[in-house]
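This is what each chain is made of:
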Amino acid sequence: FPPSTGKLAVTTVTGITATRGTTVTTHTLSAKIHNVSPSYVTTSTQMQNAIDAAAPGDLILVAPGTYNELVIMDKPVQLQGCGAGVTKLTAIRHPAEKLSAWREEIKARAGSSFTLLPGQADTFDAEEGPGFFVVGLDTGNFAAGMNTRIDGFEIAGALQGGGIYINAYVDFLEISNNKIINNQGTYGGGIRIGNPTQTIE
């Protein structure tokens, strides 16, 4: 059987093992690989475009560079950067229309590509614009065996939603080998899971 995805430690000939490993990825033959490169256009959404084009279980390889995006991860994909030192997501809200576009996308996707918690509004006023916003369907689209992950990124610059915000109905997500720095959030600036004001009956 094929080996599973995992972390590979690199050891030099002198016996020194790297403090940060390399993620080695395996995937099913049906999964596709999407390659993402940075753009110098400040309003580009290279990672978001790849997620939108991907099918569940696909692998998205993100090349070194800086990505000025507010990413909505609403399907179980393998999002793989080239390392926290070289692949950087900057969630700064510039230009101003970046946040407006994020709000419109959230409203358009709510109820179709992800499920809100009971009583939860689709405005997310208190946590707008995290670096990665991860949302799922209450039907359980984030399932075992999808190898869903966010790996190998530096995430910085979020002003309200934190570096990674996982809202609801997201299972089997792995967050690894990331550097999450200089983010702010109403309930936390690093990684947030769930909403303290919402409960599932």
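Remember, predicted model here, so these are calculated numbers, not experimental data.

Visitor: Tell me about the overall build of the chain, and please be specific about residues and values.
Guide: When its secondary structure is counted, the chain shows 2 helices and 15 strands. Of all 201 residues assigned to the chain, the portion counted as buried reaches 43%. Intrachain contacts of the chain at a sequence separation of at least 6 include 68% that bridge at least 24 residues. Element-wise, carbon and sulfur atoms account for 56% of the exposed surface of the chain, whose accessible area totals about 10,000 Å².

Visitor: Before we move on, can you summarise the environment of T43 with the specific residues and values?
Guide: Here T43 is to be found in the loop between β3 (33–36) and α1 (46–53). On the basis of relative accessible area, T43 is assigned to the partly exposed category, the value being 49%. Not counting residues up to four positions away in its chain, the partners in contact with T43 are P95 and E97.

Visitor: Hey, could you go over the sheet that holds strand β12 (residues 164–166) for me, with residue numbers and the actual values?
Guide: The 4 strands are arranged β6-β9-β12-β15 in an open sheet whose pairing can be described as parallel. The open sheet has two edge strands, β6 (71–73) and β15 (191–193), and neither has a second partner. Along the sheet, successive strands turn relative to each other by an average axial angle of 15°, direction set aside. Where β6 lies against strand β9 (residues 132–134), 3 bridges are found, and the strand directions are parallel. Bridge pairing in β9 places I72 opposite F133. Strand contacts of α1: β6 and β9, with the helix running at about 20° to β6, the strand carrying the most contacts.

Visitor: Outline unusual backbone geometry, listing residues and values.
Guide: What is expected of a backbone is that most residues other than glycine have negative phi and most peptide bonds are trans. Of note, the amide linkage connecting H94 to P95 takes the cis form, showing an omega dihedral of 0°. Of note in the backbone geometry, F172 takes a positive phi value of approximately 60° without being a glycine. The class for F172 is exposed, based on a relative accessible area of 56%.

Visitor: Mind laying out the sheet that holds strand β10 (residues 149–151), listing which residues take part and the relevant values?
Guide: Read from one edge of the open sheet, 5 strands run β3-β4-β7-β10-β13, paired in parallel fashion. Two strands lie at the open edges of the sheet, namely β3 and β13 (174–176), each paired on one side alone. The average angle at which neighbouring strand axes cross in this sheet is 10°, direction not considered. Seen against the sheet, α1 touches β3, β4 (59–62) and β7 (78–80) and runs at an angle of roughly 165° to β3.

Visitor: Any details on the packing of aromatic side chains? Residues and values, ideally.
Guide: Under the definition given, this model contains 6 aromatic pairs. Here F132 and F153 contribute two aromatic rings whose centre-to-centre distance is 5.5 Å and whose plane-to-plane angle is 65°, an arrangement assigned as edge-to-face. Taken as a pair, F132 in strand β9 and F153 in the loop between β10 and β11 (154–156) lie far apart in primary sequence, 21 residues in all. With respect to class, F132 is no different from F153; both count as buried.

Visitor: Describe the nonpolar core, naming the residues involved and giving the relevant values.
Guide: Note that soluble globular proteins tend to have their nonpolar side chains buried in a common cluster. Counting residues in each nonpolar core, the largest one holds 22 residues, and the members touching the most others are M47, I60, V62, L79, F132, V134 and F153. The set of elements that each furnish at least two residues to this core consists of α1, β4, β6, β9 and β12. The element that contributes the greatest number of residues to this core is α1, accounting for 3 residues. With residues near it in sequence (within four places) discarded, V62 still touches V36, M47, Y67, L79, Q80, G81, C82, T87 and F153. L70, A91, F124 and Y165 belong to the second largest nonpolar core, which has 13 residues in total.

Visitor: Please give an account of the pairing of β3 that cites residues and values.
Guide: With burial as the criterion, only one face of β3 is covered, namely that bearing H34 and V36; the residues I33 and N35 on the opposite face remain uncovered. As defined by bridge partners, β3 adjoins β4 across 4 bridges and the pair is classed as parallel. The partner of V36 across the bridge, within β4, is V62. Between the parallel elements β3 and β4, the chain passes through α1 in a crossover that is right-handed.

Cut-offs used in this document
- Along each chain, residues carry numbers from 1 onward, in the same order as the chain's sequence is written.
- Only residues with pLDDT of at least 70 are given local features in this predicted model, and only at 80 or more are side-chain atom pairs given and counted; all residues enter the totals for whole chains, interfaces and linings.
- Values reported for side chains reflect all heavy atoms of the structure, with hydrogen atoms and water molecules removed beforehand.
- A run of H or I in DSSP counts as a helix once it spans at least four residues, and a run of E counts as a strand once it spans at least two, with each numbered from the N terminus.
- A 1.4 Å probe rolled over the protein chains alone gives each residue an accessible area, and that area as a share of the maximum for its type sets the label: buried under 20%, exposed over 50%, partly exposed in between.
- Between two residues, a contact is recorded if the distance between any of their heavy atoms is within 4.5 Å.
- Accessible areas in this description were obtained via Shrake-Rupley with a 1.4 Å probe; residue shielding takes into account the shown protein chains only.
- Here a strand pair is declared whenever DSSP counts at least two bridges between the two strands.
- Angles here are taken between N-to-C directions and fall from 0 to 180 degrees, while the axes themselves are lines fitted to C-alpha atoms, restricted in helices to the stretch in contact.
- Any two of the Phe, Tyr and Trp rings considered here, Trp counted by its six-membered ring, make a pair once their centres fall within 6.5 Å; the pair's planes then place it as stacked at under 30 degrees, edge-to-face at over 60, or tilted in between.
- We call a set of buried residues a nonpolar core when its members are Ala, Val, Leu, Ile, Met, Phe, Trp, Tyr or Cys and they connect through side-chain atoms within 4.5 Å of each other.
- Crossover handedness is defined by viewing with both strands directed away from the observer: a clockwise path from the first strand over the helix to the second marks the crossover as right-handed.

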